[in-house]
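Here's the letter readout for the chains.
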Amino acid sequence: MRRHAGSPRPQPGSDEKPHEAESRPCGSVLRAALADELVAAAVSLRDMLAGAHLDESIDHHTRELPSASAKAVRNMAYDATRQQGLLAWLGERFNRRQPPPLLAALQALGMAQLIDARRPVPVIIDQTVRAVGKLPEGAAHPGAAGFINATLRRFARERASLMAEPLPDEARFNHPGWWVAKVRKLWPDRWQEILTASLSRAPLSLRANRRQGGQLAAAARLQEAGIGFRLMGQDGLVLDQALPVDRIPGFAEGLMSVQDIGAQCAAQLLDPQPGERILDACAAPGGKTAHLLEMADCEVWALDIDPDRASIITNNLQRARVPLLSQDATEAPVAATPASEQAAGAVWGAHVLAADAGDPESWWDGRPFDRILLDAPCSASGIVRRHPDVLWHRQRRDIATFSATQARLLEKLWPLLRPGGTLLYATCSIFPEEGEKVVSAFASRQADCRWQREVRVPGWADWPQGGQLLPRSDELHEHDGFFYALLSKHQ
């Protein structure tokens, strides 16, 4: 979904655990010492708790580490983030005074490693104590090594009894207490299932390019490479094990793109038709724009307010081999799309703009759109399994702020839609304040608006009547949480 300040920047599949995590040479790949990896993970965790994007912080602090160590750091930081509620509670139990933030983060990582139990306890304690000496100057007090040693040894001894105690909701479910209470109230029969699904590790999901043979062609390439997967939906393939994209056959040529199965529903619900003019109002990183153009010979205007992210849209469209009709504020010139790759007799492709969707006067040419995709800024509460730092960046009051932004964008974009056209409102949220309530309020005010509640995604047998997808992982469904509402404009 649309990114914004304080929301995640995806690196799909990057938080999968390696099969072997020892801090030594791993096959032919050199690894840094576990102590060095713990330092990088601790700094990343500290920055995340201070408000930074976890992915960005990890990327920054692993630049000098071997690639295998960078992956290990990512694993450790993600695991600790997914257990942040429990680790914070344990810190309160063990620490008479609050340690400096970086030392607290290192202590939390050591405890997370002991809970994980993939290495011998003495190794974990020894390397975490050694990591104290590698922290940046001023990050630890003179007795810090002894403090870490004593608290980790005590936790190793008392872990069983501590974990048997009644835990507060934040520690038990690793979600902020207000979040737990909200989900429990909204879904009294499913709330624990939803919280558990949100902390599971999401698999790597792909979208096959219909213009390059679609799902069957992509499946054949994966089978040839011995890569396990499941077919899901009309265009989706879910890998059994996550892989770097450079190891996915056909990815570089645009045969497949990374996209959650739930996110793939957006283009299918909007149902683009040949010759139509479509607005993707909050388009970065460009997956939905590409999907629309893979489905029909249409003209898509793809906007993002951030010029750097508008450049990402351009890059992803070029890899998917869809035409770029124009571009704005990209860092590099756009290569022309060969005529042989365009549909015969049709003009189709994307206009990429760095522009504010909420300020149409600054970019709109006055020609109405046949369809609009409004993938609105939101709490990102539906994609926590991919971005667990969202839990610790959000506050209860943020929901109202996002709701107001979503309502404003609907009001601004509705006049751009032609009579008889459709607008798909989407968020990656599980909270009705950002979904059903926003749409219901808008539809009640707008006399020419009808909410098409009967719409279904083709091939989706149990599509929810209200359009609210909750995070789910089973044999039939593998997706994040999304809300979708298709609105039609009366003639």
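Here is what the cut-offs are and how they apply
Residues numbered from 1 in each chain as written. Predicted model: local features only at pLDDT ≥ 70, side-chain atom pairs only at ≥ 80, totals over all residues. Heavy atoms only, no water. 1 Å grid on protein atoms, 1.4 Å probe; cavity = no way out; pocket = protein on both sides within 12 Å on 5 of 7 lines; lining within 4 Å. Points joined across faces, edges and corners; volume = space filled by probe spheres on them. Helix = DSSP H or I, 4+ residues; strand = E, 2+ residues; numbered from the N terminus. Nonpolar A, V, L, I, M, F, W, Y, C, P; charged D, E, K, R; others polar. Buried < 20%, exposed > 50% of the residue type's maximum accessible area, 1.4 Å probe, protein only. Pairing = 2+ DSSP bridges. Salt bridge = Lys/Arg side-chain N within 4 Å of Asp/Glu carboxyl O. Axes fitted to C-alpha atoms, helices over the stretch in contact; angles between N-to-C directions. Parallel < 35°, antiparallel > 145°, perpendicular 65-115°, else oblique. Contact = heavy atoms within 4.5 Å.

## Description of the layout of surface pockets
Computed from the structure, the second largest pocket encloses a volume of approximately 440 Å³. Contributing to the lining of the second largest pocket are 22 residues, with L49, Q84, L87, A88 and Q98 lying nearest its centre. Elements supplying a minimum of two residues to the lining of the second largest pocket: α1 (34-49), α4 (84-94), α5 (101-116) and α8 (169-173). Of the residues that constitute the lining of the second largest pocket, the class distribution is 13 nonpolar, six polar and three charged.

## Side note on the pairing of strand β3 (residues 236-239)
It is a general feature of regular strands that their side chains alternate between the two faces of the sheet. Side chains G236 and V238 project from β3 onto one buried face, and the interleaved L237 and L239 project onto a second face that is buried too. Alignment of strand β1 (residues 205-208) against β3, held across three bridges, turns out to be antiparallel. Counterpart to R207 in the pairing with β3 is G236. Two elements, strand β2 (residues 229-232) and β3, share four bridges in a ladder whose sense is antiparallel. Within β3, the residue paired with R230 across the bridge is V238. Between β2 and β3, which follow one another and run antiparallel, lie three residues, and G233 among them has a positive phi close to 70°.

## Brief notes about the pattern of salt bridges
Tallying each qualifying case throughout the model produces 29 salt bridges. Taking the shortest distance from any N to any O, the salt bridge between D55 and R74 comes out at 2.9 Å. Here D55, found in helix α2 (residues 54-61), pairs with R74, found in helix α3 (residues 67-82); they are 19 residues apart in sequence, far enough to count as distant. Note that D235 is salt-bridged to R210, the shortest N-O span being 2.8 Å. A residue pair is termed long-range when its members are at least 10 positions apart, and D235 in the loop between β2 and β3 and R210 in the loop between β1 and α11 (214-224) qualify at 25 residues. A cluster of three or more residues bridged by salt bridges with shared partners is formed by R230, D260, R385, R386, E478 and D480.

## Some remarks on the packing of α3 against α5
Between α3 and α5, the least distance of the axes is 9 Å, while the angle of their chain directions is 90°. Taken together, the axis directions place α3 and α5 in an arrangement best described as roughly perpendicular. Of α5, the residues touching α3 (which contributes M76, A77 and A80) are L109, A112 and Q113. Among the residues making up the contact of α3 with α5, the classes are represented as five nonpolar, one polar and no charged.

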